Amino acid sequence: MTAPPIATIPFFSPDLFEQDRDVLLDLVHAVGTGPDQKFILGERTARFEGALAARTGAGDVVACSSGTSALTLILAAMGVGPGDEVVVPAFGCAPLAATVIDAGARPVFADIDPVRLTADPAAVESLVTRRTKAVLAAHMFSVMADMPAFRELARRRGVRLIEDSALAQGGTLLDRPAGRWGDAGLYSFVQVKTFGMPGEGGVVVTDDGDLAAEVRMLRNHGQDGVHRFVHHRIGHNSRFDEVMAAFQLHRLHGLDDRLARRAEISAYYSSRFAPLAERGLTAPPEGGDGRFHYVYTVLTDDRDALNAHLAAHGVTAHVYYPRPLPAQPAFAPYARSGGTWPHAESAARRNISLPLYPNLTDAQVEHIADTVCAFTDVHGGTR
Ligand SMILES: *Cc1c(COP(=O)(O)O)cnc(C)c1O
């Protein structure tokens, strides 16, 4: 009965880049001693942008300094500013609201779909007003937002559609990649994302040539790339690092294998957790289309007890996020007074994410699943 001892399994992999250590060191040397001494926005960045455009089929890909910055640049390129409203999900990460506020506009929080845990298109539509400039749909956890509904909504109501696909790289819905559904999408490469790297970076993905040109200007102080020190717009410093561009070009070769390993682990969890639905633990919906494998998030009323049980058995889990955005001190002043977001509030109380990264071993994955199942043996069925 006693399982062999297993070291604590971290939530974030401690050695994601170990296999590529020599490549990275060589690149630091090559870029550092290169004759052109170009450390940002050089030909490696341009090649990386081209490789992602080819992979996604996007008209243009513009590299910038982070996923958050990609959102900021998209909002600025769309001309979102004071007096405008942007409808955002009530549940998700801080940049969904913070970038809108930074642009001088107002985030309007929409409740989420209780299964996908992404913004509910009907709730979003009910909040569209004359002041609405854009709708921001974000994929969270492991299920894509209902992008066909958002596209239709944006077309019908005449608003721009931003698809925050920062963490959904590799996901597809109806054969269209995450990031290709809105007027603009984005990816983040911060280490934990599906195409993470050891540093900060992101890209804007778009088929809108004018928007891409604006983003290119805005990422480098409003210069047009031809005339130096001519500033057409008030821009940002949001440039991309040449060492990271070269490293990501190298890592792109293994991306599909890593995504496949994530999918394999995710499918294993789903097979183990399917019977737990009647014991009060809800796993992500089955079905490949529109699924991606960033984290594996389950919902349970016993979230805090499950978290403690996992920790006691050497599994580090993570709660994304313990509060809805309108309940955050920073964003509460922008929320409708008296507003309620019941699905966002429920998800905040009940969500817990399990480790999901390509270099987990089969034994670790099995241990994580066993630990969750053992918890529901004790806690399930008592409701
Ligand atoms: C990670 C993330 C961001 C921010 O990306 P950074 O590169 O960390 O700035 C924005 N939106 C979503 C949905 C994310 O997951």
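Residues numbered from 1 in each chain as written. Predicted model: local features only at pLDDT ≥ 70, side-chain atom pairs only at ≥ 80, totals over all residues. Heavy atoms only, no water.

**A closer look at the UniProt feature "modified residue: N6-(pyridoxal phosphate)lysine" (unreviewed entry) in the protein**
Stated formally: UniProt positions are given in the numbering used here, feature names are shortened, and annotations may be inferred rather than shown by experiment. Put simply, DSSP marks the helices as runs of H or I at least four residues long and the strands as runs of E at least two long, and each gets a number from the N terminus on.
In this numbering, the UniProt entry assigns the feature "modified residue: N6-(pyridoxal phosphate)lysine" (unreviewed entry) to Lys 193. Its location among the elements puts Lys 193 in the loop between strand 8 (184-188) and strand 9 (202-206).

**Some remarks on empty space enclosed by the protein**
Counted only if it meets this: Put simply, the grid is 1 Å and covers the protein atoms alone, a cavity is a trapped set of points that fit a 1.4 Å probe, a pocket is an open set with protein on both sides within 12 Å along at least five of seven lines, and lining residues have an atom within 4 Å of a point. Grid points are joined across faces, edges and corners, and a volume is the space filled by probe spheres set on the points. Classification used: nonpolar for Ala, Val, Leu, Ile, Met, Phe, Trp, Tyr, Cys and Pro, charged for Asp, Glu, Lys and Arg, polar for all others including Gly. All the domain ranges listed were derived from an automatic or database domain assignment.
Tallying each qualifying case throughout the model produces two cavities of 30 Å³ or more. Looking at the largest cavity, its volume works out to about 120 Å³. Taken together, 14 residues form the lining of the largest cavity, with Phe 11, Phe 12, Val 192, Leu 356 and Tyr 357 sitting closest to its centre. Taken as a whole, the second largest cavity spans an internal volume of roughly 60 Å³. Grouping the constituent residues of the lining of the second largest cavity by class yields three nonpolar, three polar and four charged. Here the lining of the second largest cavity gathers at least three residues from each of two domains, domain 1 (18-252) and domain 2 (255-379).

**Thoughts on unusual backbone geometry**
Here Tyr 320 and Tyr 321 are connected by a cis peptide whose omega angle stands at 0 degrees. Looking at the secondary structure, you find Tyr 321 in the loop between helix 9 (303-312) and helix 10 (342-350). Residue Leu 117 is not a glycine yet carries a positive backbone phi of 65 degrees. Considering the arrangement of structural elements, one finds Leu 117 in the loop between strand 3 (106-110) and helix 5 (121-126).

**Regarding the layout of surface pockets**
By volume, the largest pocket amounts to about 380 Å³. Surrounding the largest pocket, 15 residues form its lining, Lys 38, Leu 41, Asn 220, Gln 223 and Gly 225 being those nearest its centre.

**Looking at the environment of Asn 307**
For the record, the criterion: Only protein chains enter the calculation, and the probe is 1.4 Å; a residue is then buried if its accessible area is under 20% of its type maximum, exposed if over 50%, and partly exposed in between. Residue contacts are defined here by distance: any two heavy atoms, one from each residue, within 4.5 Å place the two residues in contact.
Positionally, Asn 307 belongs in helix 9. On the basis of relative accessibility, which here comes to 23%, the residue Asn 307 falls in the partly exposed class. When near neighbours in sequence (up to four residues on either side) are disregarded, Asn 307 contacts Ala 317, Val 319 and Ile 352.

**Here's the deal with the pairing of strand 5 (residues 160-164)**
Quick reminder of the rule: Consider the strands pointing away from the viewer: the crossover is right-handed when the path from the first strand over the helix to the second runs clockwise.
Buried residues dominate strand 5, accounting for four of its five residues. Chirality of the crossover, the property in question, places the unit of strand 4 (residues 132-138), helix 6 (residues 147-157) and strand 5 among those that are right-handed.

**Details of the packing of aromatic side chains**
So the rule is basically this: What counts as a ring pair is set by centres within 6.5 Å for rings of Phe, Tyr and Trp (its six-membered ring), and what kind of pair is set by the plane angle: stacked under 30 degrees, edge-to-face over 60, tilted for all other angles.
All chains considered together, the criterion is met by 16 aromatic pairs. Between Phe 11 and Tyr 320, the ring centres sit 6.0 Å apart and the planes meet at 55 degrees, which makes this aromatic pair tilted. Here the residue Phe 11 occupies a position in the segment before helix 1 (21-32), and Tyr 320 occupies one in the loop between helix 9 and helix 10, the gap between them amounting to 309 residues. You can call Tyr 320 buried: its relative accessible area is 9%.

**Some thoughts on the packing of helix 2 (residues 43-56) against helix 8 (residues 242-273)**
What counts here: Where helices are involved, their axes are fitted lines through C-alpha atoms of the stretch in contact, as for all axes, and angles between N-to-C directions lie from 0 to 180°. Roughly parallel covers angles under 35 degrees, roughly antiparallel covers those over 145, roughly perpendicular covers 65 to 115, and oblique covers all other angles. Put simply, a crossing is left-handed when the front helix is turned counterclockwise from the back one by less than a right angle, and right-handed when it is turned clockwise.
Close contact between helix 2 and helix 8 brings their axes to 6 Å; oriented N to C, the two are set at 25 degrees. In terms of orientation, helix 2 lies roughly parallel with respect to helix 8. Crossing of helix 2 over helix 8 shows left-handed handedness. Contacts between helix 2 and helix 8 involve Glu 43, Arg 44, Thr 45, Arg 47, Phe 48, Ala 51, Leu 52 and Arg 55 on the former and, on the latter, Glu 242, Ala 245, Ala 246, Gln 248, Leu 249, Leu 252, Leu 255, Asp 256 and Leu 259.

**Quick look at the nonpolar core**
Quick note on the threshold: Nonpolar cores were defined as sets of buried Ala, Val, Leu, Ile, Met, Phe, Trp, Tyr and Cys residues, with membership established by side-chain atoms within 4.5 Å.
If you look at the biggest cluster of nonpolar residues, it comprises 73 residues, and the most contacted ones within it are Val 86, Phe 109, Val 124, Val 135, Met 147, Phe 150 and Ile 162. Ranked by residues supplied to this core, first place goes to helix 3 (residues 67-77) with seven residues. Dropping the residues within four chain positions of it, Val 135 is found in contact with Val 87, Val 124, Val 128, Phe 150, Leu 153, Val 159, Arg 160, Leu 161 and Ile 162. Counting residues in hydrophobic clusters, the runner-up holds 23 residues, among them Ile 352, Leu 354, Leu 360 and Phe 375.

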